[in-house]
Amino acid sequence: MNKEEYKNVYVFAEQREGEIQPVALELLGKARELADGYGEKLVAILAGYKVADKAQTLIAYGADEVVLVDAPELKDYITEQYAQAIYQVIEAYKPRIVLYGATTIGRDLAPRLSARVNTGLTADCTKLALAEDDKEFLMTRPAFGGNIMATIVIREHRPQMATVRPGVMQKLAKDDSRKGVVLEFTPKFDESKFKVKLIETVKEAKDTVDITAAKVLVSGGRGVGNTEGFAKLQKLADVLGGQVSSSRAMVDAGVMPHDRQVGQTGKTVRPNLYLACGISGAIQHLAGMEESELIIAINKDKFAPIFNVADLGIVGDLHKIVPMLTERLAKEIEK
């Protein structure tokens, strides 16, 4: 393999029903930094059917070029159709790096593509960077159950591929004045390999909360104890105009639903305020919230690891402190 042939940083711009997913814009933000570090272009791959009007959005969020793969076969996400199309894009353009969101689609598509192009894939990255000396692409992710953070380098194979969870990277400010180039790409499908058909899409109505979009999170851990304890957190969250989230311990105990879980096996959040109540601060949890702008921790154990990342720590019983804090804040807001 001649590594010199591989240029530019590519992002698989995931869309669903014609709507660009937030993780695609977040990846463009980080990929812009990587591409500038190499002095190369940032290219978005936009695959779907009748999605050409979304190309300018990707340019506005940092892409220099958009490879538009528009075909009826790509109307809905089906593994084989998308794998064939994106594989042909990679073979034609030879990207240095390809990034995917660690979503249900990205986690299905990326491994298949890495196998087809015979390269590596680093999953669930929490940090992407370039080495200062030789500009090797450094991909960092939790390993060994989250007990260490491993930085992985793919020296021999190209492209270098990684998936990144939603909420980890920050998107750039939208600039509608940016100019870019849209390259139309027409894949040649081998329909004999289309073994799966989408017969019907049934959407389940769920009253779910997207904690990754919350500006304020009041998060509870083992110290909260039960649903009555989380009711206290909910009152505080209501006063602050925020949402309640949870550590894995409370999800495993059946007290909180999985969509509220913060951490390595949950969601990565970056709120303006993260209030950690009764959370010890295991590395798996810290990986999901340590980029929060302001972290306040309440814990009875003054040696709890959460205090190492907290901007402000309160040592004490959350069951006494949270109601007092709620009452005091409510009075201040009333003023």
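Residues numbered from 1 in each chain as written. Predicted model: local features only at pLDDT ≥ 70, side-chain atom pairs only at ≥ 80, totals over all residues. Heavy atoms only, no water.

Engineer: When you look at the packing of helix α3 (residues 79–93) against helix α4 (residues 104–116) in this model, what are you seeing that I'm missing?
Structural biologist: Packed helices, taken two at a time, are described by the angle between their axes plus the distance between the axes. Running from N to C, α3 and α4 cross one another at 50°; their axes reach a closest spacing of 10 Å. Classed by the angle they form, the pair α3 and α4 counts as oblique. You can see that α3 and α4 cross each other, and the crossing is right-handed. Touching T79, E80, Y82, A83, Q84, I86 and Y87 of α3 are D108, L109, R112, L113 and R116, all from α4. Residues belonging to the contact of α3 with α4 are distributed by class as follows: 6 nonpolar, 2 polar and 4 charged. (Axes fitted to C-alpha atoms, helices over the stretch in contact; angles between N-to-C directions. Helix = DSSP H or I, 4+ residues; strand = E, 2+ residues; numbered from the N terminus. Parallel < 35°, antiparallel > 145°, perpendicular 65-115°, else oblique. Left-handed = near helix turned anticlockwise from the far one by under 90°. Contact = heavy atoms within 4.5 Å. Nonpolar A, V, L, I, M, F, W, Y, C, P; charged D, E, K, R; others polar.)

Engineer: Explain the layout of surface pockets to me, please; I cannot follow it from the model alone.
Structural biologist: A water-sized probe rolled over the atoms picks out the places where empty space is left. Computed from the structure, the largest pocket encloses a volume of approximately 1800 Å³. In this structure, the largest pocket is lined by 48 residues; those nearest its centre are Q21, P22, T103, P166 and D210. By residue number, the principal contributor to the lining of the largest pocket is α4, which donates 4 residues. (1 Å grid on protein atoms, 1.4 Å probe; cavity = no way out; pocket = protein on both sides within 12 Å on 5 of 7 lines; lining within 4 Å. Points joined across faces, edges and corners; volume = space filled by probe spheres on them.)

Engineer: Got a minute to help me understand the environment of A115 in this structure?
Structural biologist: The topology assignment puts A115 in helix α4. Taking the relative accessible area as the measure of exposure, A115 reaches 59% and is therefore exposed. Residues A115 and D317, 202 residues apart in the sequence, show an inter-C-alpha distance of 51 Å. (Buried < 20%, exposed > 50% of the residue type's maximum accessible area, 1.4 Å probe, protein only.)

Engineer: What's the story with empty space enclosed by the protein in this structure? I'm lost.
Structural biologist: As enumerated under the stated definition, the model contains 1 cavity of 30 Å³ or more in all. In terms of residue class, the lining of the largest cavity is built from 6 nonpolar, 1 polar and 1 charged.

Engineer: What exactly am I supposed to notice about helix α5 (residues 227–240) here?
Structural biologist: If you check α5, its first and last C-alpha atoms are 20 Å apart, about what 14 residues at 1.5 Å a residue would give, namely 20 Å. Every buried residue of α5 is listed here: G229, F230, L233, L236 and A237. One face of α5 carries all of its buried residues, which in axial projection span an arc of 110°. Residues E228, K235 and D238 are exposed on α5 and point more than 90 degrees away from its buried face. (Expected span 1.5 Å × (residues − 1). Arc of directions from axis to C-beta.)

Engineer: Honestly, the nonpolar core in this entry has me stumped. Any pointers?
Structural biologist: Nonpolar side chains in soluble globular proteins tend to end up buried together. Of all hydrophobic cores here, the largest spans 35 residues; its most connected members are L28, L46, L58, V66, L99, L128 and F137. Of all the secondary structure elements, the ones that give two or more residues to this core are β1 (7–12), α1 (22–38), β4 (42–48), α2 (55–60), β5 (65–70), β6 (95–101), β9 (137–143) and β11 (160–164). Those residues within four positions of L58 in sequence are excluded, and the remaining contacts are A13, I20, L25, L28, A44, L46, A63 and V66. (Core = buried A, V, L, I, M, F, W, Y, C linked by side-chain atoms within 4.5 Å.)

Engineer: Would you explain the pattern of salt bridges in this entry?
Structural biologist: A side chain with one charge can pair with a side chain of the opposite charge if their charged atoms come near. What the rule picks out here adds up to 17 salt bridges. The shortest N-O distance in the salt bridge between E136 and R155 comes to 3.3 Å. Of this pair, E136 sits in the loop between β8 (127–130) and β9 while R155 is found in the loop between β10 (148–152) and β11, placing the two residues 19 residues apart along the sequence. Accessibility expressed as a relative area gives 44% for R155, which makes it partly exposed. Because the salt bridges share partners, they merge into one network encompassing R32, D36, D64 and R178. (Salt bridge = Lys/Arg side-chain N within 4 Å of Asp/Glu carboxyl O.)

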